[in-house]
Amino acid sequence: MGRDDEPGRPAPREVRLDHRQVRVLAHPLRMRLLGALRTRGPATATTLAELLATNTGATSYHLRQLAEVGLVVEDPDRVGGRQRWWRAAHDVTSWEPTDFDDDPDARAAVRWIHGDQVRLLVEHAERWFDAEQDWSPAWRDAFGMGDIFLTVPPARLEALMAEVWQVLERYRDEADPAEPGAEQVHVFVAAYPLWQGKR
């Protein structure tokens, strides 16, 4: 029996983005808000504004935009208080580039989101380079990145990526935040053609 089949264990909450959702998500603050709610849990607009170095008016506005397309929701455990508490509606966001072949605006939004992910990776890497000497040898050896060259057809690359995601999801599902020495880490997965050009 897999972990998702265990009694009482909720299935991962996943959304496959539709055209409207992907267009709304393609905004720097909205991406950060959704990411913060997914990694840190429910929060108010005020807390998120402090965390992301912006103002409460901006976070409130963009949270409402995300809520309109179902990407964030009010936290049902904290309804009725003086401040609105928000949580991510899903744990995982997915899409395929071809989902939006018929929508130029959505295609542009996906391109922006991918670019933002690359910018985020660069920012993370640069902050790590500045701080790595403050971390233990075990962490310095565990963190990092690498690359490999493969020659595969599309179906094999899709199978490889699916298998990598299964491994990552298993580690995520088995994670115990109370485990001694545990830290939140951000894992990026990417595959691009070695030689660019139309095929």
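Above: the structure in question.
Calculation criteria
- Starting from 1, residues in each chain are numbered consecutively following that chain's sequence as written.
- Only residues with pLDDT of 70 or above have their local features reported here, since the model is predicted, and side-chain atom pairs are shown and tallied only from 80 upward, although totals for entire chains, interfaces and linings are computed over all residues.
- With hydrogens and water stripped out, all remaining heavy atoms of the structure feed into the side-chain values.
- Here, a salt bridge means any side-chain nitrogen of Lys or Arg that lies within 4 Å of a carboxyl oxygen of Asp or Glu.
- Segments assigned H or I by DSSP are reported as helices when at least four residues long, segments assigned E as strands when at least two residues long, and all are numbered from the N terminus.
- Here, the term nonpolar core denotes a set of buried Ala, Val, Leu, Ile, Met, Phe, Trp, Tyr and Cys residues that are joined through side-chain atoms within 4.5 Å.
- Throughout, exposure labels follow a simple rule: accessible area from a 1.4 Å probe, protein chains only, divided by the maximum for the residue type, with under 20% read as buried, over 50% as exposed, and the rest as partly exposed.
- One requirement defines pairing of two strands: DSSP has to find at least two bridges between them.
- Contacts were defined at the residue level, with two residues in contact if any of their heavy atoms lie within 4.5 Å.
- Interaxial angles span 0 to 180 degrees and are taken between N-to-C directions of axes, which are lines fitted to C-alpha atoms, for helices over the stretch in contact.

## Concerning the pattern of salt bridges
Link 1 in the chain: By the definition in use, this model includes nine salt bridges.
Link 2 in the chain: Residues D99 and R16 are paired through a salt bridge, measuring 2.9 Å at the closest nitrogen-oxygen approach. Residue D99 is located in the loop between β5 (92–94) and α5 (104–131), and its partner R16 is located in strand β1 (residues 14–16); the two are separated by 83 residues in the primary sequence.
Link 3 in the chain: Between D173 and R172 there is a salt bridge, with its nearest N and O atoms 3.2 Å apart.
Link 4 in the chain: Salt bridges sharing common partners tie together R32, D116 and R119.

## Focus: the nonpolar core
Link 1 in the chain: One finds V22, L25, L37 and L63 to be the most contacted residues of the largest nonpolar core, which totals 28 residues.
Link 2 in the chain: Elements with a contribution of two residues or more to this core: α1 (19–25), α2 (28–40), α3 (45–51), α4 (56–68), β4 (85–88) and α5.
Link 3 in the chain: Broken down by element, this core gets its largest block of residues, six residues, from α2.

## Looking at the sheet that holds strand β2 (residues 43–44)
Link 1 in the chain: Here we have three strands laid out as an open sheet, ordered β2-β4-β3, and antiparallel in their pairing. Single-partner strands in this sheet number two, and they are β2 and β3 (72–74).
Link 2 in the chain: In this structure, β3 lies alongside β4, joined through three bridges in antiparallel fashion. The residue bridging V73 from the neighbouring strand is R87, located in β4.
Link 3 in the chain: α2 contacts β2, β3 and β4 of the sheet and is inclined by roughly 85 degrees relative to β4.

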